[in-house]
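Summary of the model geometry
Spelled out from the first residue to the last, the chains are:
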Amino acid sequence: MSSGLLSSSGSVCLPTGAAILGVTAVAALFLAQRVVWAGSPRRLRTIPPAEERVLILGASSGLGRTIAKRYAARGARVCVVARRADRLSQLADECGAHCIWESADFADVGAMVRLRDKLLAEWGGLDSLYVCAGVSAVQPVMALAGVGSGDDGDATSSGIQNAVDTAARATRGNVYGPLIAALAFIPALTRTSAAPSILLVSSLAAVVPAPTRALYAATKASSLLLYQSLAIEHPDIVFASVLPATMEGDFRASAVDADTATRAAGPNRRGLKLDYVVERCVEAMDRETRGSLVVPWFPYAVAHHLYYLWPSVIERQARKKYDFGA
Ligand SMILES: NC(=O)c1ccc[n+]([C@@H]2O[C@H](COP(=O)([O-])OP(=O)(O)OC[C@H]3O[C@@H](n4cnc5c(N)ncnc54)[C@H](OP(=O)(O)O)[C@@H]3O)[C@@H](O)[C@H]2O)c1
């Protein structure tokens, strides 16, 4: 027998043609099943679009706002949430009669519990939760502690404390917010929906490191792993995480460490189009896609895997992309 990896003499053997054929057939079957399964938006038959109850946390601008408009256009009941009330009320007017809004901080436990009670009272439950809210961080970590590039002096205690305080703000927006949202809404989703789903808007930065984005990457990676673990603990809920590359919009202005130049820089017009990313998000929700979705898949999913095989290539490319001279 030589189909195993060890021969009777104990030496290593190569698999036979039959074994290779078997593995290939299993892989092909698996892929075919994924394609057929991904092609059928079964959830839309369980919950028709006009009956879907959708909560969007972080909807006053950018991606969340565009997602809200997409759901409103297909007749869903939509609740838009963020801290800027003026923007939300304007969005609700644009979305029409089925849209309600709530000005709330998603990292505030009391606010999220009140929001859940309001939705249970007004809608009788919830089907889809989008966690879009998040904050950026754009400085090199040592700069937060007062140590600039090329400076070989040590960080002072106040410098280190400043870095820690900045990290706490990033953690509040990118870790505690998603955690509190999950704690507040998971039981209600499970109890009240025929097809409960949660979509976390994470980031490519959560799986491919980048200079000047260390705190952002670390906090987005934390909530990504949190939701991936919750998906295992709550198999009745479909969890998807979307990991976009840089998108158009004003996200940098929200940076917890933004200086005047960053705030004045204005919106990024060169990133991914919001409509394109919204398409991927809504598709993932409709098709009950589980797991993580890097957007766009090429070249970034490749970069994600390449990092584990050959980190120096990705590190070099990342320095180049961010124009970062170490
Ligand atoms: N822009 C990018 O290049 C990029 C790339 C990959 C991933 N992402 C992720 O995509 C998501 C959306 O980003 P975006 O580009 O659409 O940025 P954005 O326009 O700044 O939107 C962020 C939204 O989150 C809300 N928000 C922030 N903190 C909140 C809090 N504590 N409570 C409630 N709402 C809060 C903001 O509203 P208020 O300020 O009114 O509260 C805003 O509506 C984020 O999670 C981000 O990490 C962005």
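Everything discussed here concerns the structure shown above.
Note that the structure is a prediction, hence the values are computed from the model and not measured.

1. Considerations on the overall build of the protein chain
Along its length, the protein chain carries 12 helices and seven strands. Counting contacts in the protein chain only where the partners sit at least 6 residues apart, residues at least 24 apart contribute 69% of the total. On the protein chain, roughly 17000 Å² of surface is accessible, and the fraction owed to carbon and sulfur atoms is 59%.

2. What to know about helix 12 (residues 311-321)
The set of residues buried in helix 12 consists of V313, I314 and A318. On an axial view of helix 12, the arc spanned by its buried residues comes to 130°, and they lie on one face. Residues R316 and K320 are exposed on helix 12 and point more than 90 degrees away from its buried face. As for helix 12, its buried residues are in contact with helix 11 (297-309).

3. Comments concerning the site of the ligand
Taken together, 25 residues sit near the ligand, with S60, S61, R83, R84 and Y216 positioned nearest. Between the ligand and D105, the relevant distance is 2.9 Å, taken from a nitrogen atom to a side-chain nitrogen or oxygen of the residue. Residue Y216 places a side-chain N or O atom 2.6 Å away from an oxygen atom belonging to the ligand. Where the shell around the ligand is concerned, the elements lending two or more residues are helix 3 (62-73) and helix 8 (214-233).

4. Concerning the packing of aromatic side chains
The full count for this structure, using the stated rule, is four aromatic pairs. Here the aromatic rings of Y227 and F239 are separated by 6.0 Å at their centres, their planes lie at 85°, and the arrangement is edge-to-face. One end of the pair, Y227, is in helix 8; the other, F239, is in strand 6 (residues 238-244), and 12 residues separate them in sequence. Centroid distance Y307 to Y308: 5.6 Å. Interplanar angle 75°. Geometry classified as edge-to-face.

5. Re the side chain of S241
Position of S241 relative to the elements: it lies in strand 6. For S241, a relative accessible area of 4% gives the class buried.

6. A closer look at helix 10 (residues 274-286)
Helix length check: helix 10, at 13 residues, gives a terminal C-alpha distance of 18 Å against a target of 18 Å (1.5 Å per residue), a fit within 8%. Turning to helix 10, the residues buried within the fold contact helix 2 (42-46), helix 3, strand 4 (128-131), strand 5 (197-201), strand 6 and strand 7 (291-295). Once helix 10 finishes, E288 follows within two positions and takes phi at roughly 55°, a positive value.

7. Focus: a nonpolar patch on the surface
Among the surface-exposed residues, W297, F298 and V302 lie close enough to one another that they form a single nonpolar patch of about 370 Å² accessible area. Counting through the fold element by element, W297 comes out in helix 11.

8. Points about the packing of helix 3 against helix 10
For the pair helix 3 and helix 10, the least separation of the axes is 9 Å and the interaxial angle reads 60°. With respect to helix 10, the axis of helix 3 lies oblique. Where helix 3 crosses over helix 10, the two elements pack in a sense that is right-handed. Residues G62, L63, T66, I67, R70 and Y71 of helix 3 pack against L274, D275, V277, V278, E279, C281, V282 and M285 of helix 10. Grouping the amino acids of the contact of helix 3 with helix 10 by side-chain chemistry returns nine nonpolar, two polar and three charged.

9. A word on the sheet that holds strand 1 (residues 53-57)
Pairing in this open sheet of seven strands is parallel, and the strands run 3-2-1-4-5-6-7 from one edge to the other. Each edge of the sheet is formed by a strand with only one pairing partner; in this case those strands are strand 3 (99-103) and strand 7. Neighbouring strand axes in the sheet, compared pairwise and without regard to direction, differ in orientation by 15° on average. Across five bridges, the pairing between strand 6 and strand 7 is parallel. The residue of strand 7 that forms the bridge with A240 is G291.

10. Section: the nonpolar core
Counting 43 residues, the largest nonpolar core has I56, I67, Y71, Y130 and L199 as its most contacted members. If you tally residues by element for this core, the top one is helix 10, at seven residues. Residues in contact with I67, not counting those within four places in the same chain, are I56, Y130, C132, V278 and C281. Judged by nonpolar contacts, the second largest core, of 29 residues, contains A133, A181, F185 and I237.

11. With respect to the environment of S202
On the secondary structure map, S202 appears in the loop between strand 5 and helix 8. The class for S202 is buried, based on a relative accessible area of 4%. In this structure, the C-alpha to C-alpha distance between S202 and C132, residues 70 residues apart in sequence, is 7.9 Å. Apart from residues lying up to four places away in sequence, S202 is in contact with K220, L224, V242, L243 and P244.

12. Description of unusual backbone geometry
Omega for the bond connecting V295 with P296 falls within 30 degrees of zero, at -5°, which places this linkage in the cis form. Note on placement: P296 falls in the loop between strand 7 and helix 11. The residue after F298, namely P299, is reached through a cis peptide bond having omega 10°. Positive phi, close to 55°, is recorded for E288, a residue that is not glycine. Looking at E288, the relative accessible area reads 9%, which means it is buried. Of note in this structure, D323 is not a glycine but carries a positive phi near 50°. Its place among the elements puts D323 in the segment after helix 12. Exposure remark for D323: the relative accessible area of 71% places this residue in the exposed category.

Procedures and definitions
Residues numbered from 1 in each chain as written. Predicted model: local features only at pLDDT ≥ 70, side-chain atom pairs only at ≥ 80, totals over all residues. Heavy atoms only, no water. Helix = DSSP H or I, 4+ residues; strand = E, 2+ residues; numbered from the N terminus. Contact = heavy atoms within 4.5 Å. Areas by Shrake-Rupley, 256 points an atom, 1.4 Å probe, with all protein chains shown as cover. Buried < 20%, exposed > 50% of the residue type's maximum accessible area, 1.4 Å probe, protein only. Arc of directions from axis to C-beta. Near = heavy atom within 4 Å. Polar contact = N/O pair within 3.5 Å; in protein donor to acceptor, adjacent residues only side chain to side chain. Phe/Tyr/Trp six-rings, centres within 6.5 Å; stacked < 30°, edge-to-face > 60°. Expected span 1.5 Å × (residues − 1). Patch = residues over 30% accessible without salt bridge, like charges linked within 9 Å, V, L, I, M, F, W, Y side chains within 5 Å. Salt bridge = Lys/Arg side-chain N within 4 Å of Asp/Glu carboxyl O. Axes fitted to C-alpha atoms, helices over the stretch in contact; angles between N-to-C directions. Parallel < 35°, antiparallel > 145°, perpendicular 65-115°, else oblique. Left-handed = near helix turned anticlockwise from the far one by under 90°. Nonpolar A, V, L, I, M, F, W, Y, C, P; charged D, E, K, R; others polar. Pairing = 2+ DSSP bridges. Core = buried A, V, L, I, M, F, W, Y, C linked by side-chain atoms within 4.5 Å.

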